[in-house]
Amino acid sequence: VVNTHLGCHFIGKEQNEQAKELIAFVGSLGGKSQTTCGVILCGDFNSPPVLSSIRTIRQSGMRDVWHQSFANKKGSLQIGGTFPSNARVLGMPSCFRKWIRLDYIFLLEKSGKEIVCKCVHVQDDSYLCSLASDHLPVHAVFLVGSL
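What comes next concerns the included structure. (Residues numbered from 1 in each chain as written. Predicted model: local features only at pLDDT ≥ 70, side-chain atom pairs only at ≥ 80, totals over all residues. Heavy atoms only, no water.)

**Quick notes on the pattern of salt bridges**
Following the criterion strictly, the structure yields four salt bridges and no others. One salt bridge connects Lys20 with Glu17, and the closest N-O pair in it is separated by 3.8 Å. Here Lys20 and its partner Glu17 are both found in helix H1 (residues 14–28), three residues apart, which amounts to about one turn of the helix. Among the salt bridges present, the one from Glu109 reaches Arg63, with a minimum N-O distance of 3.4 Å. With Glu109 in strand E4 (residues 103–109) and Arg63 in strand E3 (residues 63–64), this pair connects stretches of sequence that are 46 residues apart. Of the residues examined, Glu109 reaches a relative accessible area of 31% and is grouped as partly exposed. Beyond isolated ion pairs, a larger network of salt bridges with shared partners links Arg58, Asp64 and Arg101. (Salt bridge = Lys/Arg side-chain N within 4 Å of Asp/Glu carboxyl O. Helix = DSSP H or I, 4+ residues; strand = E, 2+ residues; numbered from the N terminus. Buried < 20%, exposed > 50% of the residue type's maximum accessible area, 1.4 Å probe, protein only.)

Here it is, written out as structure tokens:
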């Protein structure tokens, strides 16, 4: 499991360069080890899904477990919004709470192994979630096995 926190200036080259460095780092993990099933990359990417840093990570072969979980569900409007956790803190109306997705969990499987994301959700079930950070946490459950 690799956790990250990309810079908060998503307009410009900084985040895309950080994404490329992450891809290289994740690719180096495990080497030719038969015990490595894959890598889970997660954290605060400070970037909406349409911007280049997230596209760069997806194009590298890492799967966005949120997108994978909800993309094929007919009628699903789940966007996985994690920011802001509390709109009032930012001086915005409460309708802007969970307005944008900035936090992700990606999965890179190694050949011959299988990691399955059983469920993923934005944890928003208590007042403490909005007090702890300006972002809400993303929670996922994985199963690891052989193909």
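**Quick notes on helix H2 (residues 52–59)**
Residues Ser53, Ile54, Thr56 and Ile57 constitute the buried set of H2. Here the buried residues of H2 occupy an arc of 160° about the axis, which is enough to place them on one side. The positive-phi residue at the C-terminal boundary of H2 is Gly61, with phi of around 110°. (Arc of directions from axis to C-beta.)

**Structural notes on unusual backbone geometry**
Backbone geometry at Asn46 places phi at a positive 50°, although glycine is not the residue there. In this structure Asn46 comes out as buried when scored by relative accessible area, which is 9%.

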